[in-house]
Amino acid sequence: MIEHIRTSNVQRFTGFGALYDESRPTAPQELIKIVTSYLGSKPQTVVDVGCGTGLSSFIWLNDAERIIGVEPSDDMRAVALAKWESMNQPEAIQFVNGLSHELELPSDSADVVTCSQSFHWMEPQSTLREFARILRPGGVFAAYDCDWPPVVDWEIEQQYMKLTSLGDQRAVELAPKHEQAHKWNKDEHLKQIQSSSLFRYAREIVFHNWESCDATRYANLALSQGSLQSAIKLGAKELEAEAAAFRQFVEKVFAGEERSILFGYRMRIGIV
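Residues numbered from 1 in each chain as written. Predicted model: local features only at pLDDT ≥ 70, side-chain atom pairs only at ≥ 80, totals over all residues. Heavy atoms only, no water.

Draft legend 1. The overall build of the chain, seen in detail. What the chain contains, in helices and strands, is 10 helices and 7 strands. Scaling as 2.2 N^0.38, a compact globule of 272 residues should have a C-alpha radius of gyration of about 19 Å, and the chain matches this with 18 Å. Dimensions along the principal axes, computed over C-alpha positions, put the chain at roughly 50 × 40 × 35 Å. Expressed as a percentage of its 272 residues, the buried residues of the chain come to 55%. Carbon and sulfur atoms make up 48% of the accessible area of the chain, which amounts to about 12600 Å² in all. When the 27 positive and 37 negative side-chain charges of the chain are each reduced to one mean point, those points stand 4 Å apart. (Helix = DSSP H or I, 4+ residues; strand = E, 2+ residues; numbered from the N terminus. Rg over C-alpha atoms; globule rule 2.2 N^0.38 Å. Buried < 20%, exposed > 50% of the residue type's maximum accessible area, 1.4 Å probe, protein only. Areas by Shrake-Rupley, 256 points an atom, 1.4 Å probe, with all protein chains shown as cover. Lys, Arg positive; Asp, Glu negative; His and termini not counted. Charge placed at Lys NZ, Arg CZ, Asp CG, Glu CD.)

Draft legend 2. Here's a closer look at the nonpolar core. Within the largest apolar cluster, 51 residues are counted, with the highest numbers of intra-cluster contacts made by Leu31, Val35, Trp60, Tyr218, Phe246 and Met267. Not counting chain neighbours up to four residues away, the residues in contact with Trp60 comprise Ile32, Val35, Thr36, Pro43, Val46, Ile67, Val112 and Thr114. With 23 residues, the next largest nonpolar core counts Ile68, Val70, Ala143 and Ile193 among its residues. (Core = buried A, V, L, I, M, F, W, Y, C linked by side-chain atoms within 4.5 Å. Contact = heavy atoms within 4.5 Å.)

Draft legend 3. Here's a closer look at the environment of Ala175. Note on placement: Ala175 falls in the loop between α6 (154-174) and α7 (189-195). The exposure class assigned to Ala175 is buried, which follows from its relative accessible area of 13%. In contact with Ala175, not counting residues within four places along its chain, are Gln180 and Leu234.

Draft legend 4. Here's a closer look at the packing of α6 against helix α8 (residues 215-223). Two numbers describe how α6 lies on α8: the axes approach to 9 Å, and their chain directions differ by 30°. Taken together, the axes of α6 and α8 are roughly parallel relative to one another. Here the hand of the crossing between α6 and α8 comes out right-handed. Residue-level contacts link Ile156, Glu157, Tyr160, Leu163 and Thr164 of α6 to Tyr218, Leu221 and Ala222 of α8. Here the residues of the contact of α6 with α8 sort into 6 nonpolar, 1 polar and 1 charged. (Axes fitted to C-alpha atoms, helices over the stretch in contact; angles between N-to-C directions. Parallel < 35°, antiparallel > 145°, perpendicular 65-115°, else oblique. Left-handed = near helix turned anticlockwise from the far one by under 90°. Nonpolar A, V, L, I, M, F, W, Y, C, P; charged D, E, K, R; others polar.)

Draft legend 5. Representation of the pairing of strand β7 (residues 259-271) in the model. Within β7, 10 of the 13 residues are buried, leaving the element largely enclosed by the surrounding structure. In this sheet, β7 lies alongside strand β5 (residues 135-146) in antiparallel orientation, the contact comprising 7 bridges. When the bridges of β7 are listed, Tyr144 appears paired with Met267. Where strand β6 (residues 201-213) and β7 come together, 13 bridges link them in antiparallel fashion. The residue of β7 that forms the bridge with His208 is Gly264. (Pairing = 2+ DSSP bridges.)

Draft legend 6. Local environment of the pattern of salt bridges. One pass over the full model with this rule turns up 12 salt bridges. Between Arg170 and Glu238 there is a salt bridge, and its shortest N-O distance comes to 2.6 Å. Within this pair, whereas Arg170 is found in helix α6, its partner Glu238 is found in helix α10 (residues 238-254), the two being separated by 68 residues in sequence. Among the salt bridges present, the one from Glu211 reaches Arg217, with a minimum N-O distance of 2.9 Å. Taken together, the shared-partner salt bridges in this structure form one network comprising Asp145, Glu204 and Arg268. (Salt bridge = Lys/Arg side-chain N within 4 Å of Asp/Glu carboxyl O.)

Draft legend 7. Spatial organisation of the sheet that holds β5. Overall, mixed pairing links the 7 strands, which are arranged β3-β2-β1-β4-β5-β7-β6 in an open sheet. Two strands lie at the open edges of the sheet, namely β3 (93-96) and β6, each paired on one side alone. Ignoring strand direction, the axes of neighbouring strands in this sheet form an average angle of 20°. Relative to strand β4 (residues 110-116), strand β1 (residues 45-49) runs parallel, the two being bridged by 3 bridges. Residue pairing across strands places Val46 opposite Val112, the latter belonging to β4.

Right, here's the structure in full:
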């Protein structure tokens, strides 16, 4: 059963790596400051699991000796590798195919393990055991997620939630049961870390970051949600019209201008 879920979760992100990369936020420097503070020194090795297009991996280039991005989706990893190529292939970073519960890395080899917008797609207990195995004593695991939608305008946010909820509903209705992706509850991340008994300390930290955004990007943030993409791929053509209407509404409110939008982050950490 778990293997079916893992396969479905990986397939969920097929076909929209470029849209994801262009729309999603890059984690702010606060993340690196917090994690480095708990570690007590500059990390030698950061392992970014479920790294997607590398948005959460490249941020460590100036703050870690070595970064390993682990991503099972070929589409997502291809975008990360293309960016790596365009940056003249920095030796400090690499991207590999892999799953969270069976990382091909030695024990006690990482200072930091991160999961950006991804831990809820992983079976938590087998994943945490693997993370604890590769982390050195005193190492830090950090799972962090955005609150959706980003803060901008209550009417836009209301329409955003309506659209993504419809995407969730249609994805469930259209996917065969054995192919449906499974999402673990983000609100239970901290509890999962604590109940694993693998970490000497765990807590939740909340922070935020303002970014400038135009109407196109804001609309694409909604369209980059996996449920919408899955439902459209499964044949929910009516969602294309709903998405177009949402894009028109956002463009009307933004009125050709850029706006400041607020991304709220929730990070759950564990210290081995």
